[in-house]
Amino acid sequence: MIKATNLTKQYDNGFVAVDSLNLQVNKGDIYGFLGPNGAGKTTTIRMLNGLIEPSDGSVTIEEKEVKSENALVSKLIGVLPESHGYYNWMTGREYLKLFAELYGVDKKRIKSRVEEVLEWVGMAGKADILIGQYSRGMRQRIGIAKTIVHEPSIIFLDEPTLGLDPQGQKDIQSIITRLNQEQNVTVFITSHLLKEISEICNRVAIVKQGKLLEEGYLDELIKGYRLVLRNENPTLEDIFFSLTTDEVGGSI
Amino acid sequence: MSSLIKKEIREHVFSRKGVWIFFAISILFSGLTYSFISVKELSLLAQVEVNMTFMKALIGISILVSIILGSTMVSGEREQGTLESLLLTPLSKVKIILSKVVGILVFWLIISVISIPYFYALTYGTNMLLTILSYLYLIGLPLVISFSLLSLAFSTWISSSKNATLLSIVLFLVTAIPMFLSTTMKKSGFAHLVDLLSPVSASMLTLKDWLVNRLGFFFIFMDSLPVLCFLAISIICLFYASKKMDFLGGE
Ligand SMILES: Nc1ncnc2c1ncn2[C@@H]1O[C@H](COP(=O)(O)OP(=O)(O)OP(=O)(O)O)[C@@H](O)[C@H]1O
Ligand SMILES: [Mg+2]
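Residues numbered from 1 in each chain as written. Chains lettered and ligands numbered in written order. Predicted model: local features only at pLDDT ≥ 70, side-chain atom pairs only at ≥ 80, totals over all residues. Heavy atoms only, no water.

For chain B, an unreviewed UniProt entry supplies the name ABC transporter permease and the organism Filobacillus milosensis.

Naming follows an unreviewed UniProt entry, where chain A appears as ABC transporter ATP-binding protein of Filobacillus milosensis. Taken verbatim from the UniProt record of chain A, the Sequence similarities (unreviewed entry) comment is "Belongs to the ABC transporter superfamily." (UniProt positions renumbered as here; feature names shortened; annotations may be inferred.)

A. Structural view of helix α5 (residues 136-148) of chain A. End to end, α5(A) covers 19 Å across 13 residues, agreeing with the expected 18 Å (1.5 Å per residue, within 8%). Listed in full, the buried residues belonging to α5(A) are A:Met138, A:Gln140, A:Arg141, A:Ile142, A:Gly143, A:Ile144, A:Ala145, A:Lys146, A:Thr147 and A:Ile148. On its buried side, α5(A) packs onto β6 (77-80), α3 (92-102), α4 (107-120), β7 (154-158) and α6 (166-182) of chain A together with α4 (83-88) of chain B. (Helix = DSSP H or I, 4+ residues; strand = E, 2+ residues; numbered from the N terminus. Expected span 1.5 Å × (residues − 1). Buried < 20%, exposed > 50% of the residue type's maximum accessible area, 1.4 Å probe, protein only. Contact = heavy atoms within 4.5 Å.)

B. Main features of the coordination of the magnesium ion (ligand 2). Residue and element names in this part refer to chain A. Surrounding the magnesium ion (ligand 2) are the protein donor atoms Thr 42 (OG1) and Glu 82 (OE), which sit 1.9 to 2.2 Å from the metal. Here the residue Thr 42 occupies a position in helix α1 (residues 41-49), and Glu 82 occupies one in the loop between β6 and α3, the gap between them amounting to 40 residues. Taking the relative accessible area as the measure of exposure, Thr 42 reaches 15% and is therefore buried. Under the relative-accessibility criterion, Glu 82 is labelled partly exposed at 34%. (Donors = N, O, S within 2.8 Å, 3.2 Å for Na, K, Ca; no water.)

C. Summary view of the site of ligand 1. By nearness alone, 15 residues border ligand 1, and A:Asn37, A:Lys41, A:Thr42, A:Thr43 and A:Glu82 come closest of all. Ligand 1 sits at a junction of chains, with neighbouring residues supplied by chains A and B. Here A:Gly38 contributes a backbone N or O atom positioned 2.8 Å from an oxygen atom of ligand 1. When ligand 1 sits alone it has 640 Å² of accessible area, and the protein chains cover 70% of it. The element that contributes the greatest number of residues to the shell around ligand 1 is α1(A), accounting for 3 residues. Class assignment of the residues belonging to the shell around ligand 1 gives a composition of 5 nonpolar, 7 polar and 3 charged. (Near = heavy atom within 4 Å. Polar contact = N/O pair within 3.5 Å; in protein donor to acceptor, adjacent residues only side chain to side chain. Areas by Shrake-Rupley, 256 points an atom, 1.4 Å probe, with all protein chains shown as cover. Nonpolar A, V, L, I, M, F, W, Y, C, P; charged D, E, K, R; others polar.)

D. Representation of the layout of surface pockets. Computed from the structure, the largest pocket encloses a volume of approximately 850 Å³. Considering the residues around the largest pocket, the lining is formed by 37 residues, among which A:Gly50, A:Leu51, A:Ile52, A:Glu53 and B:Lys93 are closest to the centre. Within the residue set of the lining of the largest pocket, elements represented by two or more residues are β1 (2-10), α1, β4 (56-61) and α2 (70-76) of chain A together with α4 and α5 (93-122) of chain B. In terms of residue count, the dominant contributor to the lining of the largest pocket is β4(A) (4 residues). Residue classes in the lining of the largest pocket are distributed as 16 nonpolar, 13 polar and 8 charged. (1 Å grid on protein atoms, 1.4 Å probe; cavity = no way out; pocket = protein on both sides within 12 Å on 5 of 7 lines; lining within 4 Å. Points joined across faces, edges and corners; volume = space filled by probe spheres on them.)

Okay, structure coming up:
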């Protein structure tokens, strides 16, 4: 479970990227975190991971304070950062082995675990090629494999399908749903593909300018917005635009 | 942590870059040695001179290489986007930096071992080899490693590897100024001060007092104090820099 209370980030230049955010992600959720560019999604993820310190508020993951129990928390979570870099001079297998070791996976388990995650992301056949020669989709798969190599119970994926072709997007989506269903991994995901989010997520939050605009179970949100939007079957996209678009004819 | 150390050694020592540097340095040493040895009728005094020159060249080149090595280690990871993943692991920041330090130590160990046969050749027929090697490991390498550690600290503090390299080079040039000045110029206020404090000047003075003037332990130790202080300062700087290590980087 992820619990953020009053989470706020003001960068050194004075800009408030995240403003008193309260959210709770329950075990087993696939939680979609949505918002336009610059809404503060990546900043929020980094605070939830303990990578940057909140200016205010606190985060707990599985009842552990992220700030004070950082090393413990980092073993519980897996993170695929937004701009994820790789050691191009390593093969995919070497890269996964390195991170398995860094995360303290049991020495005897490392070899088999690396094979397992390679199977999971469908990279077993390409594991001995240098990462520098991978395509974008292959890198992203190795990135996801790295994210889960230490069997975290919660994973954070910051735009995992960015720049992938439709097939690649579908593949990543099915990896995510399988991880959630078969391994009971809780998923916190950001994406600009609303269709993708509505297909895989059970809960969503919509943020803009660092503030939480809406949060809830996807099916309940859709029910709730029927009246507001005067639409029998509103999509996530309809809800998103109604919340994030400034009033037409407003202050132009 | 051992896996990260292995990674650093593979990336910086047994990589194409590392092997290329070792190769270039061996060629350079061979050239220098050959030109020294081919000068016939070396008197004993001249041989001392030759060894000092070789040592100076070794230290000078090594400092430059060490700046390049140290100043790209962290900022390079930041720029290629791999630092974030390292910081997300349970490893502490100090340990991440420490693995890089081990990489640096292994690198310099190899360079120093490469230089041993050349010193053997250059000191042949004298009893200087032991002195030269003691100097190399007690004064020369600590000086070079200090520059590596400081560059590493800069690269941790400063987000751009270009700026980190620039800062290290400026530091080297300032500390090396006295080497380019004549004795009379060193008497002037600023140059004199730099000369007194500069670890590079101190290392040269130590070399002369040890090899030529054959002073006792106490004087050699006093001569080398700036080098040892410099090493201590660079370790402290690196320690604080590592605590502040941030994948976004701040100036
Ligand atoms: N280090 C920083 N210093 C100052 N401002 C920053 C910093 N990082 C991000 N910001 C600002 O904070 C805001 C939120 O950025 P963030 O990256 O969290 O947005 P995002 O929702 O992830 O956007 P995107 O969808 O484009 O990835 C942006 O306006 C950005 O300019
Ligand atoms: Mg983002």
